[in-house]
Amino acid sequence: MMLLAFVVLLTTVAPVASATGTTGNSGSKKLVLGTSADFAPYEFHKVIDGKDQIVGFDISIAKEIAADLGAELVIEDMGFDGLLPALQSGRVDMVISGMTPTDDRKQSIDFSNTYYKSKQVIMIRNADKDKYPTMADLENEKIGVQKGSIQETIGQGIPGAKLIALDKISDIVLQLQTNRVNAAIVEDTVAVGYLDDAIGLAPAIPAEEQAEAAVGIRKGNTELLNAVNGTLERLKSENKIEQLVTEASQLMADKVNKSQNIFQVFWQYKSFYATGVGYTLLLSALGVIFGVIIGLIICLFRLHDISILRWIGTAYVEVIRGTPMLVQLMIIYYGLALTLGINFTPLQAGIITLSINSGAYLAEIFRAGIQGVDRGQLEAARSLGMGRGAAMRFIVLPQAFKAVLPAIGNEFVTIIKESSIISVIGMVDIMYQASVVKNITYQGMNPFLIAAAIYFVLTFILSKLLGRLERKLSASDRR
Ligand code: ARG
């Protein structure tokens, strides 16, 4: 545990800790923006000069605010429904994400003056155009909405509607294309980016009044609130906001080529995947190292003479093994931040979760190995005059290690694959990058096939290496 604390400390100081791709530049003031970059033209991913960038008029506004403050803008991209907790826990300083200042939200955060207005529309497959002339026709339908958005609330008001609430708008459109939902509620400006031969707008209109967008600020941070309002007023008086919207819409309009094949997708976005591989390997390697350490400690506890230690060891294994890793991750990443104010970066939270989790499994593997060595071995060693420690070290543990090597190998392979779960908190690993590529290319299959291939190559190489080690160790058995 102390070692774990040490690495956490280490990764806090090291700039690599920032899993968002921003580098630590500890001289200047930073302004951290939280956003859900799936909302063109407000905020979206776009490859510019071969690099993935988050652009849009919200982002331009954020840059203006940062410039007025003389601060460096850092962008954190996350799911829309993660924005409020991120702001409250201090993970980000402000939220600009086309967010409507609703009364509900005002309970937990403050809002600037509004800077944009939009209407709600319903997207459907063009083939169904005549099916939904009025809102009443949408009753009892499957409707896609963004999780935590006002569109979700609007959807809840449609009698009998089965709502599918997802993190990202692109996922909702994918569901519409693949007939999993039959309609989606979005804002008019955003819908424009998705309309094509297959997807169109329904004549039905979900809500009369317009929804506004404002900047979210942590409660009580009046200094920033005033600064933001200052910048917004300046932009309004210069008529700059319309200009930014137009620019962003133009950026959105030059669409990506949807018909690239898998090799083209891989080649164009190879740098994304390369970054992902780096983080996946880092995450897994550190997860394995600390997992082994925790596993050894817990295994010692479980085999100890003192019953309370045995009890702790057993409790650890049972609790960790009996709860899903995703839940553990949420507790470590969001739970600790909201209750104790411990703000881990995604990388730190990922390493801790993976180590704690694999520690429980490895402890059991180690225990099985040690207990699997015939008692006679220990007795023989002792009767030859070896002390308990020496007998353990030279006789029991080497045999135990050899016996459990395949099981340990399995666990390492599992860690590499399971590390993909960490992507849900914004860790830029292979899985995360695959989603980013999906959002940019609007392709549902190729980005993930590429990710699968990469994971396979990694785990395949690892199991080959472990197989070699196994053969080397068993060479003595054949003599
Ligand atoms: N205006 C809507 C709301 O406040 C939707 C905003 C969604 N924003 C996004 N970046 N996806 O709920």
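Residues numbered from 1 in each chain as written. Predicted model: local features only at pLDDT ≥ 70, side-chain atom pairs only at ≥ 80, totals over all residues. Heavy atoms only, no water.

In the annotation of an unreviewed UniProt entry, the entry for the protein reads Amino acid ABC transporter substrate-binding protein, and the organism field reads Paenibacillus xylanivorans. Here the protein is described in UniProt, under the heading Subcellular location (unreviewed entry), as follows: "Cell membrane". Per its UniProt entry, the protein bears the Sequence similarities (unreviewed entry) comment "Belongs to the binding-protein-dependent transport system permease family. HisMQ subfamily." (UniProt positions renumbered as here; feature names shortened; annotations may be inferred.)

For the coordinates displayed, the defined rule picks out three cavities of 30 Å³ or more. In this structure, the second largest cavity encloses a volume near 70 Å³. Every residue lining the second largest cavity is listed: Phe39, Phe80, Ser97, Gly98, Met99, Thr100, Arg105, Gln146, Ser149, Ile150, Gln151 and Glu187. A per-class count over the lining of the second largest cavity returns four nonpolar, six polar and two charged. (1 Å grid on protein atoms, 1.4 Å probe; cavity = no way out; pocket = protein on both sides within 12 Å on 5 of 7 lines; lining within 4 Å. Points joined across faces, edges and corners; volume = space filled by probe spheres on them. Nonpolar A, V, L, I, M, F, W, Y, C, P; charged D, E, K, R; others polar.)

Looking now at the pairing of strand β8 (residues 120-125). The element β8 is extensively covered by neighbouring structure, given that six of its six residues are classed as buried. Of the two faces of β8, the one lined by Gln120, Ile122 and Ile124 and the one lined by Val121, Met123 and Arg125 are each fully buried. Examined bridge by bridge, β8 and strand β11 (residues 183-187) share four bridges and lie antiparallel to one another. Note on β11: the bridge partner recorded for methionine 123 is alanine 184. Direction of pairing for β8 relative to strand β12 (residues 199-201): antiparallel, over a ladder of three bridges. In the strand pairing of β12, arginine 125 is matched with isoleucine 199. (Buried < 20%, exposed > 50% of the residue type's maximum accessible area, 1.4 Å probe, protein only. Helix = DSSP H or I, 4+ residues; strand = E, 2+ residues; numbered from the N terminus. Pairing = 2+ DSSP bridges.)

A few words now on the sheet that holds β12. Here five strands make up an open sheet; going across it, the order is β10-β9-β11-β8-β12 and the pairing mixed. Edge positions in the open sheet fall to β10 (162-166) and β12, since each of these has one partner strand only. With direction set aside, neighbouring strand axes in the sheet form an average angle of 35 degrees. (Axes fitted to C-alpha atoms, helices over the stretch in contact; angles between N-to-C directions.)

To continue, consider the site of the ligand. Neighbouring the ligand are 15 residues, the closest being Ser97, Arg105, Gln146, Ile150 and Glu187. Between the ligand and threonine 100, the relevant distance is 2.8 Å, taken from an oxygen atom to a main-chain nitrogen or oxygen of the residue. Between an oxygen atom of the ligand and a main-chain N or O atom of isoleucine 150, the distance comes to 2.7 Å. Protein chains bury 100% of the 350 Å² of accessible surface belonging to the ligand in isolation. The cavity where the ligand resides is the second largest cavity. Listing elements by their share of the shell around the ligand, those giving two or more residues are β2 (38-39) and α5 (150-156). Partitioned by chemical class, the residues of the shell around the ligand number four nonpolar, seven polar and four charged. (Near = heavy atom within 4 Å. Polar contact = N/O pair within 3.5 Å; in protein donor to acceptor, adjacent residues only side chain to side chain. Areas by Shrake-Rupley, 256 points an atom, 1.4 Å probe, with all protein chains shown as cover. Sits in = over half its atoms within 2 Å of the grid points.)

Now for the side chain of aspartate 429. Here aspartate 429 shows up in the loop between α16 (388-418) and α17 (430-441). Among buried charged residues, aspartate 429 stands out as having no salt bridge; its nearest opposite-charge side chain is lysine 438, 13 Å away. A distance of 3.0 Å separates a polar side-chain atom of aspartate 429 from the backbone nitrogen of tyrosine 432. In this view, aspartate 429 contacts Gly276, Tyr279, Thr280, Ser419, Ser420, Ser423 and Tyr455; residues no more than four positions away in its chain are not counted. (Lys, Arg positive; Asp, Glu negative; His and termini not counted. Salt bridge = Lys/Arg side-chain N within 4 Å of Asp/Glu carboxyl O. Contact = heavy atoms within 4.5 Å.)

We now examine a positive patch on the surface. On the surface, Lys464, Arg468, Arg471 and Lys472 cluster together to form a positively charged patch. With respect to the helices, strands and loops of the structure, lysine 464 is situated in helix α18 (residues 446-478). (Patch = residues over 30% accessible without salt bridge, like charges linked within 9 Å, V, L, I, M, F, W, Y side chains within 5 Å. Charge placed at Lys NZ, Arg CZ, Asp CG, Glu CD.)

Another point: the packing of aromatic side chains. Evaluation of the coordinates by the stated rule reveals eight aromatic pairs. When the centroid spacing of 4.7 Å and the interplanar angle of 40 degrees are considered together, the rings of tyrosine 42 and phenylalanine 57 count as tilted. Of this pair, tyrosine 42 sits in the loop between β2 and β3 (43-48) while phenylalanine 57 is found in helix α2 (residues 57-69), placing the two residues 15 residues apart along the sequence. For the pair formed by tyrosine 42 and phenylalanine 57, the shared burial category is buried. Judged by centre distance (5.4 Å) and plane angle (25 degrees), the ring pair of phenylalanine 456 and phenylalanine 460 falls under stacked. Taken together, the residues phenylalanine 456 and phenylalanine 460, both in helix α18 and four residues apart, mark about one turn of the helix. (Phe/Tyr/Trp six-rings, centres within 6.5 Å; stacked < 30°, edge-to-face > 60°.)

In this section: the packing of helix α13 (residues 325-340) against helix α14 (residues 346-372). Look at α13 against α14: their axes get within 9 Å of each other, and the N-to-C directions meet at 135 degrees. In terms of axis orientation, α13 runs oblique to α14. Read as a crossing pair, α13 and α14 show a hand that is right-handed. Touching Met325, Gln328, Leu329, Ile332 and Tyr333 of α13 are Pro346, Ala349, Ile352, Thr353, Leu354, Ile356 and Asn357, all from α14. Across the contact of α13 with α14, the residue classes tally to nine nonpolar, three polar and no charged. (Parallel < 35°, antiparallel > 145°, perpendicular 65-115°, else oblique. Left-handed = near helix turned anticlockwise from the far one by under 90°.)

What links the strands of a sheet is backbone hydrogen bonding, and the strands pair in either a parallel or an antiparallel sense. Overall, antiparallel pairing links the three strands, which are arranged β2-β3-β4 in an open sheet. The open sheet has two edge strands, β2 and β4 (51-55), and neither has a second partner. Pairing between β2 and β3: two bridges, direction antiparallel. Looking across to β3, one finds that phenylalanine 39 is bridged to glutamate 43.

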